[in-house]
Amino acid sequence: MHHIAAAVTLGAVALYGRVYLWPGQDYRQGKSRKIDSCVGFDAAFLYLFIACPVVTLASLFHASPLLLPLYPVSNGPLAAGTVIAVLACALFLSARMSLGSSYSPCSDSYLALRIVDRGPYRFVRHPLYLANILLLLAFFVMSGSLINLVNSAILSVYSFVAARNEERALNEGFPEYGDYRRRTGMLLPKLSRRAARC
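Residues numbered from 1 in each chain as written. Predicted model: local features only at pLDDT ≥ 70, side-chain atom pairs only at ≥ 80, totals over all residues. Heavy atoms only, no water.

Evaluation of the coordinates by the stated rule reveals two cavities of 30 Å³ or more. As for the largest cavity, its lining consists of 25 residues, of which Leu-99, Tyr-121, Arg-125, Glu-166 and Leu-170 are closest to the centre. Sorting the residues of the lining of the largest cavity by element identifies helix 4 (127-143), helix 5 (146-173) and helix 6 (177-183) as the ones contributing at least two each. With three residues, helix 4 is the largest single contributor of residues to the lining of the largest cavity. Classifying every residue of the lining of the largest cavity by side-chain character gives 17 nonpolar, five polar and three charged. In this structure, the second largest cavity spans a volume of roughly 30 Å³. As for the second largest cavity, its lining consists of Ile-35, Asp-36, Ser-37, Cys-106, Ser-109, Tyr-129, Ala-162 and Glu-166. Of the residues belonging to the lining of the second largest cavity, the class tally is four nonpolar, two polar and two charged. (1 Å grid on protein atoms, 1.4 Å probe; cavity = no way out; pocket = protein on both sides within 12 Å on 5 of 7 lines; lining within 4 Å. Points joined across faces, edges and corners; volume = space filled by probe spheres on them. Helix = DSSP H or I, 4+ residues; strand = E, 2+ residues; numbered from the N terminus. Nonpolar A, V, L, I, M, F, W, Y, C, P; charged D, E, K, R; others polar.)

Here we take up the packing of helix 1 (residues 2-20) against helix 2 (residues 41-61). Where helix 1 contacts helix 2, the two axes come as close as 10 Å, and the packing angle between them is 165°. In terms of orientation, helix 1 lies roughly antiparallel with respect to helix 2. In this structure, the crossing between helix 1 and helix 2 has a hand that is left-handed. Within the contact between the two elements, helix 1 uses His-2, His-3, Ala-5, Ala-6, Thr-9, Leu-10, Val-13, Tyr-16 and Tyr-20 and helix 2 uses Phe-45, Phe-49, Pro-53, Thr-56, Leu-57, Leu-60 and Phe-61. (Axes fitted to C-alpha atoms, helices over the stretch in contact; angles between N-to-C directions. Parallel < 35°, antiparallel > 145°, perpendicular 65-115°, else oblique. Left-handed = near helix turned anticlockwise from the far one by under 90°. Contact = heavy atoms within 4.5 Å.)

Per the stated rule, a full pass over the model turns up five aromatic pairs. With a centroid separation of 5.3 Å and 15° between ring planes, the pair formed by Tyr-16 and Phe-49 is classed as stacked. In this pair, Tyr-16 sits in helix 1 while Phe-49 sits in helix 2, placing the two residues 33 residues apart along the sequence. The pair Tyr-16 / Phe-49 is uniform in exposure class, with both members buried. Relative to Tyr-180, the ring of Tyr-177 lies with its centre 5.7 Å away and its plane at 55°, an arrangement referred to as tilted. On the criterion of helical spacing, the pair formed by Tyr-177 and Tyr-180 is a turn pair, its members being three residues apart in helix 6. An identical accessibility class is assigned to Tyr-177 and Tyr-180; each is buried. A connected cluster of aromatic rings, assembled from ring pairs, spans Tyr-16, Phe-45, Phe-49 and Phe-92. (Phe/Tyr/Trp six-rings, centres within 6.5 Å; stacked < 30°, edge-to-face > 60°. Buried < 20%, exposed > 50% of the residue type's maximum accessible area, 1.4 Å probe, protein only.)

The next subject is the nonpolar core. Residues Tyr-16, Tyr-20, Phe-41, Phe-49, Leu-128, Leu-135 and Leu-155 are the most contacted members of the largest nonpolar core, which totals 49 residues. Elements with a minimum of two residues in this core: helix 1, helix 2, helix 3 (75-99), helix 4, helix 5 and helix 6. No other element matches the 10 residues that helix 4 contributes to this core. If we ignore the near neighbours within four places in the chain, the residues touching Leu-155 are Phe-41, Phe-45, Leu-48, Phe-49, Asn-132, Ile-133 and Leu-136. (Core = buried A, V, L, I, M, F, W, Y, C linked by side-chain atoms within 4.5 Å.)

Right, here's the structure in full:
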């Protein structure tokens, strides 16, 4: 199980690195308005997506008190973390593909050309942030490291603030955004009123 978890960790790093570090297109093209980013988000994001996989891989093959383990690495948490990581990568890829030319990296956001409401965006407004949080949570579950738990919390705060900044800009740029916002959840799908009554 250790080798499978390591392969999934490295695969996730490759996927995220390809999208975030080498987007392959000029994501600024046609977009005129930059969205205010959280102070230090780009540096924090880079740190988190380097530190968490390194801690995870180290904990898979070496039990060290320097990794601040909260529990020993075993097959149960490795399997659960691996499943969460695969789901996070699938959500990330689906959200990225749904965005198409409206994509810009979270640490260098630009106002989209239009509101995207297909794919995972039918249910949540920020599936890329959700995928990022799930991936770091998966790294914590696999590693059992307090370092990764704290890093997950840091990314969650940054993601929430960045999502609020993006929503403010989208609300100003698109009159129809308010309706979309009422229909969807920020990071988790909204329960319909009918489902909430049951």
